[in-house]
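Letter by letter, the chains look like this.
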Amino acid sequence: MEVRNNNNNKYDRQLRIWGDQGQLALEQANTCLLNCGPTGSEALKNLVLGGIGSCTIVDDSKVEARDLGNNFFVDWESIGLSKAKTVCNFLQELNDTVKAKFLEESPETIINVNPDFFSQFTLVIATQMKEQSLLMLDAICRKQGVMLLIARSFGLTGLIRISLKEHCVIESKPDNVIHDLRLQKPWAELKRFSDEFDTEIDDSVIHKHIPFAILLIKACEDWRKTHGDSLPSTSKEKAEFKNLLSSKRRGVDEDNYKEAILSAYRVWSSPTIS
């Protein structure tokens, strides 16, 4: 529990975006990067900083002097050394909770000789690879149910392609969520509960503590009596409905009426259940 709390503090900003489920999926992911040039290294860096579970870098090249001008994860001391090992070590320093590994082998060789190697991963990121190898890799990943992201850069331009059979979003976070309070058609128990309140009561303390949902239900009933059992639909009618609520407010300290007016849109919003 303590470890989880520490992670919550560490990843607080991104948790606000994709929530616990999104962060958990990230922490359980195992990513493979093919070729750790500037494009691949930057892509993997963002996942490492985000708290990905584990990653493996596959690259058989050595660090050259020209790499120093476009890759932040190599330095002068690493010239002539394994690029996969060098980048892996630098990325590991960014987040010690990530399990980072490297493999000094050509991605093309693994695709041709050991295709089952990719079955262990959640995501494969292939960068700066030729089309023939990518087509073979795509077939392998689709067969094994592994997501494939293809990236290639050409100076200031580039391309990204995502290849997968199907991606099912099971916990979307839509904007402007409207919770259905059954204001238009309350169930029997809610109707009986609503009838227990009297909005014309003289006691100001009781009046200011009537739940805002009850105020909306009663206002909805009053509106229907004078509008042919229909709800507000036009801008003018919606404004009149709010004025109806406002007219029953007795003082500025009645926050329940203020909340009811702010939530009036729930009355004419389509219910989620038929």
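What you see is a predicted model, and the numbers here were worked out from it, not measured in a lab.

S.K.: How would you sum up the overall build of the protein chain? Please name residues and give values.
M.R.: The number of helices and strands found in the protein chain is twelve helices and six strands. Rg of the C-alpha trace for the protein chain: 30 Å, well past the compact-globule value of 19 Å for 274 residues, more than 25% over. Over its C-alpha atoms, taken along the principal directions, the protein chain stretches across nearly 85 × 40 × 35 Å. Counting the 274 residues in the protein chain, one finds 36% classified as buried. Residue pairs in contact within the protein chain that sit at least 24 positions apart in sequence constitute 59% of those at least 6 positions apart. Of the roughly 16900 Å² that the protein chain leaves accessible, carbon and sulfur atoms contribute 54%. Within the protein chain, one finds 34 positive and 39 negative side-chain charges whose respective centroids are separated by 3 Å.

S.K.: Tell me about the pattern of salt bridges, and please be specific about residues and values.
M.R.: Pairing between side chains of opposite charge can happen when the charged atoms of each approach one another. Applying the stated criterion to the full structure yields eleven salt bridges. Across the salt bridge formed by Lys45 and Glu42, the nearest N and O atoms sit 3.0 Å from each other. Of this pair, Lys45 and Glu42 both sit in helix 3 (residues 38-50), separated by three residues, roughly a single helical turn. Among the ionic pairs, Glu104 bridges to Lys62, the shortest N-O distance being 3.6 Å. One end of the pair, Glu104, is in the loop between strand 3 (99-103) and helix 5 (107-113); the other, Lys62, is in the loop between strand 2 (54-58) and helix 4 (83-94), and 42 residues separate them in sequence.

S.K.: Which residues make up the sheet that holds strand 2, and what values go with them?
M.R.: Reading across the sheet, the six strands line up as 3-2-1-4-5-6 and stay open at both edges, with mixed pairing between neighbours. The strands lining the two open edges of the sheet, one partner per strand, are strand 3 and strand 6 (157-163). Averaged over all adjacent pairs, the angle separating strand axes in this sheet is 15°, with direction ignored. Strand direction decides the pairing type here: strand 1 (residues 30-34) and strand 4 (residues 123-127), joined by four bridges, are parallel. Counted as the bridge partner of Thr31 is Leu123 from strand 4.

S.K.: With reference to specific residues and values, describe unusual backbone geometry.
M.R.: One non-glycine residue, Asn35, lies in the positive phi region at around 75°. With respect to the helices and strands, the residue Asn35 is situated in the loop between strand 1 and helix 3. Phi angles above zero are rare outside glycine, and Arg182 is one such case at about 60°. Along the chain, Arg182 turns up in the loop between strand 6 and helix 7 (188-195).

Reading guide: rules and limits
Residues numbered from 1 in each chain as written. Predicted model: local features only at pLDDT ≥ 70, side-chain atom pairs only at ≥ 80, totals over all residues. Heavy atoms only, no water. Helix = DSSP H or I, 4+ residues; strand = E, 2+ residues; numbered from the N terminus. Rg over C-alpha atoms; globule rule 2.2 N^0.38 Å. Buried < 20%, exposed > 50% of the residue type's maximum accessible area, 1.4 Å probe, protein only. Contact = heavy atoms within 4.5 Å. Areas by Shrake-Rupley, 256 points an atom, 1.4 Å probe, with all protein chains shown as cover. Lys, Arg positive; Asp, Glu negative; His and termini not counted. Charge placed at Lys NZ, Arg CZ, Asp CG, Glu CD. Salt bridge = Lys/Arg side-chain N within 4 Å of Asp/Glu carboxyl O. Pairing = 2+ DSSP bridges. Axes fitted to C-alpha atoms, helices over the stretch in contact; angles between N-to-C directions.

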